[in-house]
Amino acid sequence: MTNPPTNAPLAGEFALIDWIRSRTPTGPNTLLGIGDDCAIIRTTPGDDWLVTTDMLMDGRHFVLDRDGPEAAGRKALAVNLSDIAAMAGTPVAATVSVALPKTQAREIAQGIHEGLSPLARRFNVDLVGGDTNGWDGPLVISVTLFGTCPPQGAVTRAGARPGDQIFVTGPLGGSLLGRHLHPEPRVLEAKALIESVSIRAMIDVSDGLVSDLGHILEESGGLGAALDLSHIPIHEDARLMSQADQRSPLDHALNDGEDFELCFVVGPEEAMRLKAGLHPLVLHHVGEVQSEAGIRIRLADGTVRPIVSQGFDHLRP
Ligand code: ADP
Ligand code: MG
């Protein structure tokens, strides 16, 4: 009889990524490998490159018949731009690979290109290649985006310390109502931030605030956080969705994915400066990093309750 597999706990997306990561040695040109919003590649000191890739699938990240290929193409580039923003980098060049349904392949491919090109021009991204395939399956689009690091050095998910203050760049929740198709990558906002304050850690909110803040805390050595209930910016869409399901607006704001706002942490003095205002950015101070692991919510009366992440996981059954 064969033994059961010993690599059992691969239930979730992040456990699987950890499994791959633990078996992947860091190569000589890799400053930062698997586990952040972008990898950092260094072949020449002082000339570091960012690389990120994201794949979008019909029926999961967009619905081709409902949204059209233009929106799908735009979103495919936007989500990658968001990962470059999360490192405070500058996007440079992209490749676009597609698996096209054989029916209407040409129209779909042209639509993707028309949706994506204006965004590429806006962010000075050169389209430098890709791959075109046809099949009987649904549309899949994969974009790989290259960027450069800021002179201050890329901001990673690691680097938060107890006492640091947590900010987000915009209201959260309910993006499924339609906002998720038109994310506004926070590339310029990240640049403005890094030029004004020292950001200790940053991530873009793609899987939900609790889940993504969790990645910062984990990568920063197993820290925790307290979020202030009254400070969580709840998007109007979260309130609208809440009317249609049994979940509260707060639950949507904390756990919904695909907001593509930035979540970042700064030291206490820097936080004071940000709270004084950084025109024209609207920043929301949502809580603080603590040494005790886990994410808690602080109510107005001072009561503290644990929160369990229900953020998006691609491999959750
Ligand atoms: P994001 O939401 O920022 O795009 P993900 O949660 O998709 O990040 O991925 C987290 C990290 O795991 C990233 O560094 C990503 O490059 C890496 N990663 C994801 N899937 C794989 C894979 N199949 N093989 C290697 N690395 C992966
Ligand atoms: Mg990301």
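The structure displayed is predicted, hence computed values, not measured ones.

Caption draft 1: Summary view of the pattern of salt bridges. In total, this model carries 19 salt bridges according to the counting rule given. Among the ionic pairs, E258 bridges to K75, the shortest N-O distance being 2.7 Å. Taken as a pair, E258 in the loop between α7 (249–255) and β10 (262–266) and K75 in helix α2 (residues 64–86) lie far apart in primary sequence, 183 residues in all. Neither E258 nor K75 differs from the other in exposure class; each is buried. Where R200 meets D164, a salt bridge forms, and the shortest distance between an N and an O atom there is 2.3 Å. Taken together, the positions of R200 in strand β8 (residues 199–204) and D164 in the loop between β6 (140–148) and β7 (165–168) put the pair 36 residues apart, joining distant regions of the chain. Residue D164 is classed as buried on the basis of its relative accessible area, which comes to 1%. Connected via shared salt-bridge partners are D36, D37 and R157.

Caption draft 2: Looking closely at the domain arrangement of the protein. Per the domain assignment, the segments making up the protein are domain 1 (36–148) and domain 2 (165–306). Summarising the inter-unit geometry, the C-alpha centres of domain 1 and domain 2 are found 25 Å apart. At the junction of the two partners, domain 1 supplies 21 residues and domain 2 supplies 17 residues. Across the domain 1 to domain 2 interface the summed buried area is about 1,600 Å²; carbon plus sulfur atoms make up 59%. Inspection of the region where domain 1 meets domain 2 yields three salt bridges. The tally of links between domain 1 and domain 2 comes to six residue pairs in polar contact (both at pLDDT 80 or more). For the side of domain 1 that touches domain 2, the secondary structure elements donating two or more residues are α2 and β4 (90–101). The biggest single contributor to the side of domain 1 that touches domain 2 is α2, with 12 residues. Grouping the constituent residues of the side of domain 1 that touches domain 2 by class yields 10 nonpolar, four polar and seven charged.

Caption draft 3: Structural context of the sheet that holds β7. Strand order in the open sheet formed by seven strands is β8-β10-β7-β11-β9-β12-β13, and the pairing between neighbours is mixed. Either end of the sheet is taken by a strand with one partner, and the two such strands are β8 and β13 (304–307). Direction aside, the axes of adjacent strands within the sheet are offset by 30° on average. Pairing analysis gives four bridges linking β7 to β10, with the strands arranged antiparallel. The residue bridging V168 from the neighbouring strand is C263, located in β10. Against the sheet, α2 engages β8 and β10, with an angle of about 170° to β8. Each of β7, β8, β9 (224–228), β10, β11 (284–290), β12 (294–298) and β13 is contacted by helix α5 (residues 209–219), which is oriented at about 140° to β8, the strand it contacts most.

Caption draft 4: Representation of the site of ligand 1 in the model. Around ligand 1, the structure places E13, F14, I17, I20, I34, G35, D36, D37, D54, D83, R157 and S206. The separation between an oxygen atom of ligand 1 and a polar side-chain atom of R157 is 3.2 Å. S206 places a polar side-chain atom, nitrogen or oxygen, 3.2 Å from an oxygen atom of ligand 1. In the complex, the protein chains occlude 65% of the 560 Å² of accessible area that ligand 1 would expose alone. Considering only residue class, the shell around ligand 1 consists of four nonpolar, two polar and six charged.

Caption draft 5: The coordination of the magnesium ion (ligand 2), seen in detail. Around the magnesium ion (ligand 2), the protein contributes the donor atoms D37 (OD), D83 (OD) and D204 (OD), at 2.0 to 2.1 Å from the metal centre. One chain supplies every donor for the magnesium ion (ligand 2), spaced along it as D-x45-D-x120-D. Of this pair, D37 sits in the loop between β1 (30–32) and β2 (39–42) while D83 sits in helix α2; the two residues are 46 residues apart in sequence, bridging distant segments of the chain.

Caption draft 6: View of the pairing of β10. With five of its five residues buried, β10 lies for the most part within the structure. Side chains L262, F264 and V266 of β10 all project onto a buried face; the interleaved residues C263 and V265 project onto the opposite face, where all are buried too. Sheet topology places β8 next to β10; five bridges connect them, and they run antiparallel. Bridge pairing links D204 to L262 in β10.

Caption draft 7: Geometry of the packing of aromatic side chains. The tally for this structure, following the rule as stated, stands at one aromatic pair. Aromatic side chains F167 and F264 sit 5.5 Å apart centroid to centroid with 10° between the ring planes, which places their arrangement in the stacked category. A residue pair is termed long-range when its members are at least 10 positions apart, and F167 in strand β7 and F264 in strand β10 qualify at 97 residues. When its relative accessible area of 0% is taken as the criterion, F264 is described as buried.

Caption draft 8: Structural detail: the pairing of strand β5 (residues 126–135). Pairing of β4 with β5 involves nine bridges; the strand directions are parallel. Each residue of the ladder has a partner; that of V96, found in β5, is G130. Handedness of the β4-helix α3 (residues 105–122)-β5 crossover: right-handed.

Cut-offs applied
Residues numbered from 1 in each chain as written. Chains lettered and ligands numbered in written order. Predicted model: local features only at pLDDT ≥ 70, side-chain atom pairs only at ≥ 80, totals over all residues. Heavy atoms only, no water. Salt bridge = Lys/Arg side-chain N within 4 Å of Asp/Glu carboxyl O. Helix = DSSP H or I, 4+ residues; strand = E, 2+ residues; numbered from the N terminus. Buried < 20%, exposed > 50% of the residue type's maximum accessible area, 1.4 Å probe, protein only. Domains from an automatic or database assignment. Contact = heavy atoms within 4.5 Å. Buried area = accessible area lost by both parts, 1.4 Å probe. Polar contact = N/O pair within 3.5 Å; in protein donor to acceptor, adjacent residues only side chain to side chain. Nonpolar A, V, L, I, M, F, W, Y, C, P; charged D, E, K, R; others polar. Pairing = 2+ DSSP bridges. Axes fitted to C-alpha atoms, helices over the stretch in contact; angles between N-to-C directions. Near = heavy atom within 4 Å. Areas by Shrake-Rupley, 256 points an atom, 1.4 Å probe, with all protein chains shown as cover. Donors = N, O, S within 2.8 Å, 3.2 Å for Na, K, Ca; no water. Phe/Tyr/Trp six-rings, centres within 6.5 Å; stacked < 30°, edge-to-face > 60°. Right-handed = clockwise from strand over helix to strand, strands pointing away.

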